[in-house]
Amino acid sequence: MSERAFAVLGLFDSAQALVDAAVRLAPRRLGRLEAYTPYPVHGIDDVLGARRSPLAGMTLVAGALGAVTAMVFEWWTSAVDYPVVTGGKAPFSWQAFVPIMFEVTVLFATFTAGLGMLHLLARLPFFGHPILSSKAMASITRDRFALAVEAEAGGLDVEAAKAALAGAGAREIEVLTVPAERGPFPLRFLSRSALGIAAACVAAGYATYWGVKLIPVLPPMVHMLEQPRLDAQEANAFFPDGHGMRPPVPGTVDREHVPYPFRTQEEAAALVNPLPRTAEVLRLGRKAYENHCAVCHGALVNGVPTLTPAYGAKPANLQSRAIREVADGQIYHVIVRGKNAMPSYAADLTEEERWAIVHYVRVLERAQNAKDEDLR
Amino acid sequence: MKADAAALPERLRPRAVFQGVMTPGSLDDQVLGHTAGTPSPLWYAGLAISLSAFAVGASLILYTFYTGIGVWGNNRPVFWAFDIINFVFWVGIGHAGTLISAILLLLRAPWRNAIARFAEAMTIFAVMCAGIFPLIHVGRPWVAFWLFPYPNQRAIWPNFRSPLLWDVFAVSTYFSVSLLFWYLGLMPDIASLRERATGKVRKALYTVFSVGWRGASSHWRHYEKAYLLLAGLATGLVLSVHSVVSFDFAVSIVPGWHMTIFPPYFVAGAIFAGFAMVVIVLVVVRETMRLENLITDYHLDAMNKVILGMSCLMGYAYIMEGFTAWYSQNAYLHHIFVQYVWGSYGWAGWLTIACNVAIPQLLWVPRFRRSYPAMLLVALGVTVGMWFERFVIIVVSLHHDYLPSSWHLYKPTPVDLGILVGSFGLFFTLVLLFARVLPVIATSEVKATLPGAQPSHRGGGHE
Amino acid sequence: MMRSDGRRRLRYWRSLAEYHGLPPTEEERVAEAAHGAAGPPEFPGDGVSRRRFLGLLGASAALAAGASCSRAERGTIVPYTKRPPEVVPGVANHYASTFQEGTSAFGVLVKVREGRPIHIEGNDEHPEFAGKTHLRAIADLLRLYDPDRLRRPLLYGKPATWAEADGRIVPLLRAAAASRGPVLLVTGAVVSPTRMAVLEDLRRVLPGLRHVAVEPLAGPGSRDAAVACFGEALTPRLRFDRADVILALESDFLGSDGQAPIAIREFVSRRRVEGRGDSMSRLWVLEAGMSVTGTNADHRLPVRPSASAAVAFALARALHEEHGIALPAGLSKEVLSAFGLDAIAGRVNAPRALLDALAADLAKAGRAALVVAGPSLPAEAHVASSLLNVMLGAEGHTVDAAAACRPAAGPATAEDLAAALREAKAGGVAAAIFWGVNPAYWLPDAALFKSAIARAPARIFIGLDRDETAEDCPIVLPEHHWLESWGDYETSEDLLSLEQPAIGPLYDTRQGEEILLGWAKALGAVVPAGYREYLKARWRREVYSAASPVPFESFWSAALHDGVLRRPAAPASPRAIRIAAVETAASAAAVEHAAPGMGLTLLLHPAVTVYDGRYANNGWLQELPDPVTTVTWGNPARLSPADARRLGLEDGDVVRLEARGRSLEVPLLVQPGQAEGTVSLALGYGRSTGSVATGVGVDAWPLMGTGSDAAGSPFLAAARLTSAGTRAETATAQMHRSMEGRDIVRSLTLARYAKAGFEQEKREPATLFPAQEFPEHKWGMAIDLTACVGCGGCVVACQSENNVAVVGPEQVRRGRAMHWMRIDRYFDGSPDNPRVVHQPMLCQQCDSAPCETVCPVNATTHSPDGLNQMAYNRCVGTRYCANNCPYKVRRFNFLEYTAAKTEPESLVFNPEVTVRPRGVMEKCTFCVQRIDDVRQRAKGEGRAVRDGEIVPACAAACPATAIVFGDLKDPTSEVSRLAASDRGYRVLEELGVKPSVTYLARLTNPAKGGDGHEG
């Protein structure tokens, strides 16, 4: 008898007998009384002097919590975090939020009532209780009723308890001891399967990871990332050169643009600058010039590059007398057609910009070679 | 506190809800005994049939997933058809379970205990069947999870004004609550199974699922309270769920959908269909598992009375709908109701009325309430009738809406039918498996109501 | 070793100005604005702008991409190696060009993105089309990217090079030239002077060239009548805008007719009513088969085509006797004695009163009257209508012979070709060349065709795709599509329009003219190699006046820029009618061609969509519902309800149709309004080549006759109808015909409107929610149902602009057509002669949109400028929105309709619009891409959006300008004005969904005496 006794168990045949025994033992303070029955036996609680179950209160609180949570969440998502107008309704149209609020209320309440009862009040799951490994358990879950005198802080007087139970008419009496080092069956089972469970978790983790990575792009799960349409700048194998963007057919004229007719600078000399020489135009000219021309021709149009001193070709010095004397049209022509190493800027500059540049260049030329009357 | 039954006058005494001598022990042996030993060939046959039906449905669902729901009959304007009909139908079936286990518990109807258990099981299986359809009916099932409000990089949330989202919450809540309710009821029985079980694996499983239940009276106290609370909550829930489902229609502007009567009318219909399904399964289980002594004619009688009452309620609802349509003087609504009975799908309307209102009137005759052929006829009739009621509401209303230019007939495809059959397959597969491994009757509840199960007086221990 | 104090400070700048700390200029600020996609302002009191929303959508896409980076194919960026000045990637260019069909040439404007045509609209510089064009011109864009197109020459069915082809052809031609042997060249009608010049050059070196410019639909009736009456075979220009009273005899000038867009524009210009005082023209239609024109009639009489001549003569007599209008000099009234109104009224069982009213109406209108006879009518009917026009003085006013179309060659009729073939059969030909024509398909006597050319040493086919004729030709030469070609067209003396390529050739093809030039060169002619040079040279020679101060180059590029050149027109002058013609016609009309023992008169007519069959391989046109029957993908035989009852037939029955000793089996359609005793059948179906066209509908061409046979017109025949015992469901877009007494289309008569205006009670129900606010714009649309003739142009334009899928007959039959814009057609009144209304139906962009509320994932929401917008890649596909849409304008991709397309088909997709995959809901967006395009440009230019600047595809295409788009917040905008009109109403407004589309009630203008279809 090295093990410490946990309780003395008396088995009875009927609920009636159980209750009577309980009534008899209750005043004797042998230890904590507990009944084990196959179904709820009414009245036993009063005899064992148990308190009312606090479950109802807990459930009420949980329900209220659920209601508030739901409504606040719906309000925040649809009126605060990301409001969108649907059907001309107000972002916070609470009437429409009530059904979900109700459901969440019920959800919170039921889970508190159910799981709260199991875990908080009944302290289940618990596989280690001595009675689970007792002989009596089988018959308790079947059709017999047990009254247990359980040890309290002061320990348990086994013999007295036995006598008392026998006196109360217990058919069988069993002494339960605190479990030895090797726990009851379920724990062993769990510990053995723990490894397997861990392995399963790892496998599941990997599966999820790759699943999330691959599955979304497996056919037929389309996400409209890939559309058969041909966008600007896209390559396309249908065309021999692989370019999705086609060049316009030579000689065609589109609505947005009038072709530049002249071949030689001389022809272009006839052109006159259509733009007035206003601050507006000059500002536009300066912007265009500084963006496109200054890198080579220099901020002061003197052919001193701002960024490319090492550049092989020698940019023209627009301050030179020769260029100062050519017609505006000829400068314009060079911008359009290019000259020597200079490529055409037709694609990059609108007509307006080109003429504005001409103005701007003229202004800088004048500023650099000011005559006396200019100062006057 | 409990009055002494013997002291009551005869008519007030609780009726014996079982036949013959019955002790807790014999009850266990009879009910829990089923889980041990090999099942009958009948059981295997049933499983084979329902499994293959399920396989057909599953493969067709896969096919739909790969080709698109164009393989169904849905079209413009009938954008919803079998998919949503089946969803509403199955959710409805589920309701009987909750009703029996929860509402009848609150009403203290003595005959509920014997049938509550698999009524609840049916609820869960039916809701599982129902849950399939909203998922597969969407055009891009692989993004269906967008319906759940989870934080995401798009920083966009679902639209809480949409009845479909209400559905998501209602149905998922309904499922989890029913599951919990069912499981709590099962726990003590699983404990008994744990003690009886011989096989190592079985014992292990029963042990784990009984979470170490030991029948301590300090547990029973909370347990009973919890069970009562759950019953109360489930009652509110069961009423809300089908109301929400009916909102899918009532909240829209489709003529024939936009009706204020829908919520109560849908709930009634759900209970109606559910009871019919319970009766069918009840009869089968009772015969195959020899439970005549537990599931008595008295039970069947009670069930059929409920069906009869519900059928009258349905009849009333139909009349009221018609009256509303006529009285509203709304041309569109008026047109639709003419379509219900005289339109291209008039036959469906008449079928609905016949199955749901006419045939069940048989049950006024007490003899029919206790005869298998009669009650099966009615029950099957109601199941068909309620399915077609949803057909009428959904398809017929849609196929003639506001602009006649878009009116179009609807024709289902074999795929539609296959998936419907598949859902039945799944349902009965689950029912059969359940009957095999778990007690179909809540033994601990029945034990508590056997004569002499409770102490007759508080035991006067004060001499 | 750099010391901390001496550390160089690096900084970046955008301009020297900024470097020097000058404030940024206005241009800089504007430019920056233009850079970021200009989004609308934010909701009042709401943290999220649409801009951020789009950003987030982008983020979601990025997320998905991240998740799928292991798989998703990343496109590579390929910029222009040398960017052409006129192209800015992402910005569209527009090219003016011309599209020819038969003797009509439509001035079009081709929308080009990065050198790729993606959309076609009317040429706004063109005086006659004024920015509108024919739906078939819009749809023919699809043909450019048709996978069935020939990609290289074929010799005996095997791919070959041009060198090989020429190597085989040229010797044969040399031989032919040497032996002066006959060379048969069959082309379509030639309205291009330069193409004609090429042919002349070829003829010079190939003397035996026998050119037949044939148009299968050219009716001999009109030509013979013109020759007989006025001595010249020309079709005068009809001025509907000058006509107060129009009488159409079997003429579908608003529908299948080639000039439809012009006719519609001019006709509607006299139907548009602004206020209660305005007047309207009146349209009388006497026709057998219900046509688009018939559906727009104020009075429509179902009349057998064989009787219409008699009716016309009777009217002439009535005009003379009762209204004292003089007969043409020399015409004795005895000639018309056979045509008493009573007798005629009895013959066509029309109420006498109505015919009196018609006569009175014509008399009252005088020179402002216009009588039009359809090409299918026999010569005498055309003579009769000419007589009426002459008597009324319409000749020279509404009938403008001066501006007539004088094709350079043709149009010859099928019969003429048959004659030529018989000749060839007898005499033998050295070579038979078929250029862009398909006689093997449409020649009634196919056997003749085969046998005639069977022994020709060279059988050469020049065309776009390998059609029936190509099958019979060992040498098949691929031609440029017109969007790859140069050319010019002269529809009338005062108009010369140019054709220029919008894209380089996609395949190893040549322009037809260049092929011929090549041969001419090979045979020793001196001509420029390229057709472009040829064209330019000819213009320099013939068109450009050396006297003009403008240099030719500028003249030329200006002409290309406009796409059309106007020249002074000769004034309209009346022509005198020849009495003899009238007399012979009258005697012919006196006895109606009875149908011995057959019972029915068959009326063959071109389809509005596939025309004579040349467009049969075009999915857009095949799926475009016929405006009258809403049938797609087929041509059911149309029979009157009375006859159907008599023969015990109903919709969908397959019938055996016998005529001219041939018979075919065709599904039946009971057509309300069809004249009793007639059955009409559309031509152009039943092709045996083309992946789309093959086996769609039945081929009615074998039933065509010659002008000279009993019926008097190849389009008419005595026919018998018997049930074939089987059924075939036609793919009909609209199942239900009646409006069920719902006031979806509101209409009333002009008289009543003038008297009492249009009283409508507002049906907007009360709402719980505060009215939505629209800070900047509120886009809206107004559709005038009086103007809309229901042609269907908007449907095709929308399909082209918005990448709308073609789903095919099976899906249409199951009610899954995808058109965002559809035209609802309702019949009203007795099925024997119902009133017909058309209603363009598109997303109404409701402010309280029922679809938005029910979407569980917020995929469809409301934009701050009043658009009901769809985020396609947010859509899960619950279809709840579509159920809740009272207009059923939402379309669902039940299957993978578009997203699996590959080149060349996919090249037609508009890069501005998402290509929707399966499982996604879609719908009209008011062309939001066009709205944003204009908004961005306006913002870039620092100005507000101008009214009328944004034009959705449907509005741009509508020849009647029945659709007006604009900003409802701007009280001065056109759309606001129309929305406020007393005829304005909103469909189903009683539902309180607040639609943004206003419909203007339909006005009809029946005569006092007649039984006008009262609204």
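Below you will find a few notes about this structure.

Calculation criteria
Residues numbered from 1 in each chain as written. Chains lettered and ligands numbered in written order. Predicted model: local features only at pLDDT ≥ 70, side-chain atom pairs only at ≥ 80, totals over all residues. Heavy atoms only, no water. Helix = DSSP H or I, 4+ residues; strand = E, 2+ residues; numbered from the N terminus. Rg over C-alpha atoms; globule rule 2.2 N^0.38 Å. Buried < 20%, exposed > 50% of the residue type's maximum accessible area, 1.4 Å probe, protein only. Contact = heavy atoms within 4.5 Å. Polar contact = N/O pair within 3.5 Å; in protein donor to acceptor, adjacent residues only side chain to side chain. Pairing = 2+ DSSP bridges. Axes fitted to C-alpha atoms, helices over the stretch in contact; angles between N-to-C directions. Disulfide = S-S within 2.5 Å. Buried area = accessible area lost by both parts, 1.4 Å probe. Nonpolar A, V, L, I, M, F, W, Y, C, P; charged D, E, K, R; others polar. Salt bridge = Lys/Arg side-chain N within 4 Å of Asp/Glu carboxyl O. Left-handed = near helix turned anticlockwise from the far one by under 90°. 1 Å grid on protein atoms, 1.4 Å probe; cavity = no way out; pocket = protein on both sides within 12 Å on 5 of 7 lines; lining within 4 Å. Points joined across faces, edges and corners; volume = space filled by probe spheres on them. Parallel < 35°, antiparallel > 145°, perpendicular 65-115°, else oblique.

### With respect to the overall build of chain B
Along the backbone of chain B there are 15 helices and zero strands. For 463 residues, the compact-globule formula gives about 23 Å, and the C-alpha radius of gyration of chain B, at 24 Å, lands near that figure. Based on the C-alpha atoms only, the size of chain B along its principal axes is roughly 90 × 55 × 45 Å. With 463 residues in all, chain B has 64% of them scored as buried. Across chain B, contacts joining residues at least 24 apart in sequence account for 80% of those joining residues at least 6 apart.

### Observations concerning unusual backbone geometry
Cis geometry is adopted by the peptide bond preceding Pro125(A), which originates at Leu124(A) and carries an omega value of 0°. With respect to the helices and strands, Pro125(A) occurs in the loop between α4 (98-121) and α5 (137-140). Here the bond from Glu903(C) into Pro904(C) is cis, since omega is 0°, no more than 30 degrees from zero. In this fold, Pro904(C) is placed in the loop between β34 (891-892) and β35 (921-922). A positive phi is found at Ala130(C), a non-glycine position, where the angle reads about 45°. Here Ala130(C) is to be found in the loop between β3 (116-122) and α4 (135-139). Look at Glu250(C): it is not a glycine, yet its phi comes out positive at around 55°. With respect to the helices and strands, the residue Glu250(C) is situated in the loop between β9 (245-249) and α9 (260-269).

### Description of the environment of Asp189(B)
Residue and element names in this part refer to chain B. The residue Asp 189 is located in helix α5 (residues 163-196) in this model. For Asp 189, a relative accessible area of 0% corresponds to the buried category. Asp 189 sits 157 residues away from Leu 32 along the chain, and the two C-alpha atoms are 8.4 Å apart. With residues up to four places along the chain from it excluded, the contact list for Asp 189 reads Arg 117, Pro 439, Ile 441, Ala 442, Thr 443 and Ser 444. In this structure the side chain of Asp 189 is engaged in a polar contact, spanning 2.7 Å, whose partner is the side chain of Thr 443.

### Things to note about the sheet that holds strand β19 (residues 564-566) of chain C
All names here are of chain C. Here three strands make up an open sheet; going across it, the order is β17-β18-β19 and the pairing antiparallel. Two strands in the sheet have a free side with no partner beyond their single neighbour: β17 (487-492) and β19. Across the sheet, the axes of successive neighbouring strands diverge by a mean angle of 20°, strand direction being ignored. With four bridges joining them, β17 and strand β18 (residues 495-499) adopt antiparallel strand pairing. Bridge pairing in β18 links Tyr 489 to Ser 497. In the packing of helix α7 (residues 193-205) onto the sheet, contacts are made with β17 and β18, and the angle to β17 comes to roughly 110°. Docked against the sheet, helix α20 (residues 531-543) engages β17, β18 and β19, running at close to 45° with respect to β17.

### A few points about the environment of Trp364(B)
Residue and element names in this part refer to chain B. Take Trp 364: it is sitting in the loop between α11 (346-358) and α12 (366-369). Distance from Trp 364 to Tyr 318, taken between C-alpha atoms, is 20 Å for residues 46 residues apart in sequence. If sequence neighbours within four positions are ignored, Trp 364 has contacts with Leu 308, Cys 312 and Arg 369.

### Focus on the state of the cysteines
Per the stated rule, a full pass over the model turns up zero disulfides over all chains. Cys881(C) provides the cysteine sulfur closest to Cys855(C), a residue in no disulfide bond, and the two sulfurs are 6.4 Å apart.

### Description of the interface of chain A and chain B
Counting residues at the interface gives 80 residues for chain A and 71 residues for chain B. Regarding the contact of chain A and chain B, the summed buried area is about 6400 Å², with carbon and sulfur atoms giving 68% of it. A per-residue breakdown of the area chain A buries against chain B is headed by Tyr39(A), Glu103(A) and Arg142(A), which together make up 10% of the total. Joining chain A to chain B, the criterion identifies 24 residue pairs in polar contact (both at pLDDT 80 or more). In terms of residue count, the dominant contributor to the side of chain A that touches chain B is α4(A) (16 residues). Here the side of chain A that touches chain B is built from residues that sort into 54 nonpolar, 14 polar and twelve charged.

### Considering the interface of chain C and chain B
Listed by partner, the interface residues are 60 residues for chain C and 57 residues for chain B. Between chain C and chain B lies a buried interface of about 4900 Å² when both sides are counted; carbon and sulfur atoms form 58% of it. In terms of surface lost to chain B, no three residues of chain C exceed Arg742(C), Tyr880(C) and Arg918(C), which account for 15% of the buried area on that side. Applying the counting criterion to the chain C and chain B interface returns two salt bridges. Here chain C and chain B share 37 residue pairs in polar contact (both at pLDDT 80 or more) between them. For the side of chain C that touches chain B, the secondary structure elements donating two or more residues are α3 (50-68), α27 (809-813), β30 (822-828), α28 (850-854), α29 (880-883) and β34 of chain C. Ranked by the residues each element gives to the side of chain C that touches chain B, the list is headed by α3(C), at five residues.

### Overview of the packing of helix α3 (residues 55-81) of chain A against α4(A)
Residues and elements named next belong to chain A. Taken N-terminus to C-terminus, the directions of α3 and α4 make an angle of 145°; their axes are 7 Å apart at the nearest point. Here α3 and α4 pass one another in a crossing that is right-handed. On α4, the residues that touch Leu 55, Met 58, Thr 59, Ala 62, Gly 63, Leu 65, Gly 66, Ala 67, Thr 69, Ala 70, Met 71 and Glu 74 of α3 are Val 98, Ile 100, Met 101, Val 104, Thr 105, Phe 108, Ala 109, Thr 112, Ala 113, Met 117, Leu 120 and Leu 121. Class assignment of the residues belonging to the contact of α3 with α4 gives a composition of 17 nonpolar, six polar and one charged.

### Quick notes on empty space enclosed by the protein
Gaps between atoms show up when a probe of the same size as a water molecule is rolled over them. In this structure, the largest cavity encloses a volume near 180 Å³. Forming the boundary of the largest cavity are 17 residues, of which Arg76(B), Pro625(C), Ala733(C), Gln734(C) and Arg822(C) lie nearest the centre. Tallying contributions element by element places β30(C) first for the lining of the largest cavity, with three residues. A per-class count over the lining of the largest cavity returns five nonpolar, six polar and six charged. Of the voids in this model, the second largest cavity is the one considered here, and its volume is about 140 Å³.

### A few points about the pattern of salt bridges
The tally for this structure, following the rule as stated, stands at 89 salt bridges over all chains. Here Asp29(B) ties to Arg142(A) by a salt bridge, and the two come within 2.7 Å at their closest N and O atoms. Of this pair, Asp29(B) sits in helix α1 (residues 24-33) while Arg142(A) sits in the loop between α5 and β3 (145-150), placing the two residues on different chains. For Asp29(B), a relative accessible area of 36% corresponds to the partly exposed category. Here Arg977(C) and Glu274(C) are joined by a salt bridge, their closest N and O atoms 3.4 Å apart. You can see Arg977(C) sitting in helix α32 (residues 974-979) and its partner Glu274(C) sitting in the loop between α9 and β10 (282-287), a full 703 residues away along the chain. Because the salt bridges share partners, they merge into one network encompassing Asp13(A), Arg144(A), Arg171(A) and Glu172(A).

### Some details on the packing of helix α4 (residues 112-137) of chain B against helix α14 (residues 414-437) of chain B
Residue and element names in this part refer to chain B. One can describe the packing of α4 onto α14 by two numbers: an axis separation of 10 Å at closest approach and a directional angle of 150°. Judged on the interaxial angle alone, α14 and α4 are roughly antiparallel. You can see that α4 and α14 cross each other, and the crossing is right-handed. Counting all contacts with α4, which are made through Arg 117, Phe 118, Ala 121, Met 122, Phe 125, Ala 126, Met 128, Cys 129, Ile 132, Phe 133 and Ile 136, the residues of α14 involved are Ile 419, Ser 423, Leu 426, Phe 427, Leu 430, Val 431 and Phe 434. Looking at the contact of α4 with α14 residue by residue, the classes come out as 16 nonpolar, one polar and one charged.

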